[in-house]
Amino acid sequence: MALTSKLQMGDSVSDAQFRQFRIFNEVDLKRIRPLLNQCRKEQLKAGDVMLRPEFGNSCMYLLLSGRVAVSLESLDASPLLELGSGECIGEMSVFDGRNPSAYVKAVEPCEVLVIESDTLWLLIDSSHSLCRNLLYFLSNRLRSGNDIVVVSKSREKEQEHAANVDALTGVNNRRWLLDMIETLHGQALLEQMPMAVLMLDVDHFKRFNDTYGHKSGDLVLQMVARTMRKSLRPSDMLARYGGEEFVVLLPRTPAKQARAVAERLRKAVERCQITAEQGQELPSVTISVGVSPLADNETIETAIELADQALYQAKHNGRNRIEIRP
Ligand SMILES: Nc1nc2c(ncn2[C@@H]2O[C@H](COP(=O)(O)OP(=O)(O)OP(=O)(O)O)[C@@H](O)[C@H]2O)c(=O)[nH]1
């Protein structure tokens, strides 16, 4: 620790000052005074480092004034928490003999009482109350550690969700679909179950965007996604594949049924009304659908390609229709 003081001892800290700190709650100060007087007092400048995991530590620091920041990954990482006067620092490494688990750095000028490990153990032997107060501090550390785990887990979940979900429509994205395809191939279930792929695309969407604006176009994509989601079974896998293109994987669905699903989706979209942000009614849109039941020993990737070709055929044959792959 980079310290800047001339030597001052614990006897320069009054009982009244010690009494403000949780660690001395109900502690007979008279009894432990001689031990406290042996501890030295140190001053830290803002930026001085008290603890770092790379170096061992044999003291507990009682923060008499000022604030310190605690960070995990590095000294410059954004701090997990700040500690103020009355807090104990470094006690865990005294108790378990291991290096500190975090970086601790002064964020403003601080004054600390440095309690060497031998003295700390003597203090513990001398006062049950102090021991109880230390348990309180350790429990708090454990709790804040648990809170941090909960927060970081939920952040992880949010990031995972964002990586797999299309922000505009709320349905899964292409990346999710590709991962899912890999999983399905990995499970080798495809050989035993009929599966079909649908590829759908909004008709004349460029014209719609050009006429009613990109924002209205976004509303259309949201409506199409919502309508499809409502019309599909929970086990069907819908993903936004590209701009105005969606792919649906239909597990356990033979060709005839896949065709019926495609037709149901086409009709559902055609019936939908879309209202612009300003409340103006927009014309309904249609979709074209390419249907590709999975042939024996065929990969889903190949089925998607063939669904795309069927979609192209549907466009060519007049749009607002479905076509089955050859
Ligand atoms: N509003 C909006 N438009 C998008 C989005 N992604 C892609 N597009 C638009 O979708 C349009 C697709 O146009 P094209 O590929 O020419 O197809 P199309 O006009 O639908 O014609 P057909 O598919 O042949 O019926 C382009 O104008 C893209 O800018 C999006 O997220 N929001």
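Everything below is about the structure printed above this text.
Structure report, in brief. Predicted model only: the values in this text are computed from it and were never measured. (Residues numbered from 1 in each chain as written. Predicted model: local features only at pLDDT ≥ 70, side-chain atom pairs only at ≥ 80, totals over all residues. Heavy atoms only, no water.)

### Observations regarding the layout of surface pockets
Then comes step 1: Put simply, the largest pocket is a space of about 520 Å³.
Then comes step 2: Lining the largest pocket are 23 residues, and of these Val70, Met92, Ser101, Ala102 and Arg141 sit closest to its centre.
Then comes step 3: Of all elements in the fold, only strand S6 (81–83), strand S7 (88–89), helix H3 (91–96) and helix H5 (128–164) reach the threshold of two or more residues within the lining of the largest pocket.
Then comes step 4: Here the lining of the largest pocket gets six residues from one element, more than from any other, and that element is H5.
Then comes step 5: A breakdown of the residues in the lining of the largest pocket according to their chemical character gives 14 nonpolar, six polar and three charged. (1 Å grid on protein atoms, 1.4 Å probe; cavity = no way out; pocket = protein on both sides within 12 Å on 5 of 7 lines; lining within 4 Å. Points joined across faces, edges and corners; volume = space filled by probe spheres on them. Helix = DSSP H or I, 4+ residues; strand = E, 2+ residues; numbered from the N terminus. Nonpolar A, V, L, I, M, F, W, Y, C, P; charged D, E, K, R; others polar.)

### Regarding the sheet that holds S6
Then comes step 1: In space, the four strands of this open sheet follow the order S3-S8-S5-S6, with antiparallel pairing throughout. In the strand order of this sheet, the two ends are held by strand S3 (49–51) and S6, each with one partner. Between one strand and the next, the sheet's axes are offset by a mean angle of 30°, whatever the strand orientation.
Then comes step 2: Summarising the sheet, S3 and strand S8 (residues 103–106) pair through two bridges and their orientation is antiparallel. In the sheet register, Leu51 faces S8, and the bridge partner there is Val104. (Pairing = 2+ DSSP bridges. Axes fitted to C-alpha atoms, helices over the stretch in contact; angles between N-to-C directions.)

### Examining the packing of helix H4 (residues 117–126) against H5
Then comes step 1: The geometry of H4 relative to H5 is characterised by a closest axis approach of 5 Å and an angle of 115° between their N-to-C directions. Relative to H5, H4 is oriented roughly perpendicular. Residue-level contacts link Leu120, Leu123, Ile124 and Ser126 of H4 to His128, Leu130, Cys131 and Leu134 of H5.
Then comes step 2: By residue class, the composition of the contact of H4 with H5 is six nonpolar, two polar and no charged. (Parallel < 35°, antiparallel > 145°, perpendicular 65-115°, else oblique. Contact = heavy atoms within 4.5 Å.)

### Some points on the nonpolar core
Then comes step 1: Counting residues in hydrophobic clusters, the biggest one holds 32 residues, and the most contacted among them are Leu198, Leu200, Val224, Phe246 and Val285.
Then comes step 2: A per-element tally of this core places helix H8 (residues 214–231) first, with six residues.
Then comes step 3: Aside from chain neighbours lying at most four places away, what touches Leu198 is Phe246, Val247, Val248, Leu250, Ala258, Val261, Ala262, Leu265, Val289, Gly290 and Val291.
Then comes step 4: Core analysis: the second largest hydrophobic core is formed by 24 residues, Leu62, Cys88, Ile115 and Leu130 among them. (Core = buried A, V, L, I, M, F, W, Y, C linked by side-chain atoms within 4.5 Å. Buried < 20%, exposed > 50% of the residue type's maximum accessible area, 1.4 Å probe, protein only.)

### Some details on the packing of helix H2 (residues 29–37) against H4
Then comes step 1: Taken N-terminus to C-terminus, the directions of H2 and H4 make an angle of 175°; their axes are 10 Å apart at the nearest point. In terms of axis orientation, H2 runs roughly antiparallel to H4. Across from Arg31, Ile32, Leu35 and Leu36 in H2, the residues of H4 making contact are Thr119, Leu122, Leu123 and Ser126.
Then comes step 2: Considering only residue class, the contact of H2 with H4 consists of five nonpolar, two polar and one charged.

### A look at the packing of aromatic side chains
Then comes step 1: Taken as a whole, this structure holds five aromatic pairs when the rule is applied.
Then comes step 2: Summarising the aromatic geometry, the rings of Tyr136 and Phe137 are spaced 5.9 Å apart at their centres and angled 85° between planes, so their arrangement reads as edge-to-face.
Then comes step 3: Using a relative accessible area of 36% as the deciding quantity, one classes Tyr136 as partly exposed.
Then comes step 4: You can call Phe137 buried: its relative accessible area is 4%. (Phe/Tyr/Trp six-rings, centres within 6.5 Å; stacked < 30°, edge-to-face > 60°.)

### Considering the pairing of strand S10 (residues 195–202)
Then comes step 1: Burial analysis of S10 places eight of its eight residues in the buried class, the great majority of the element.
Then comes step 2: Bridge count for S10 against strand S12 (residues 245–251) is seven bridges, and the pairing is antiparallel. By the bridge assignment, Ala196 is partnered in S12 with Leu250.
Then comes step 3: Pairing between S10 and strand S15 (residues 287–293): seven bridges, direction antiparallel. Pairing of Met199 across the sheet is with Gly290, part of S15.

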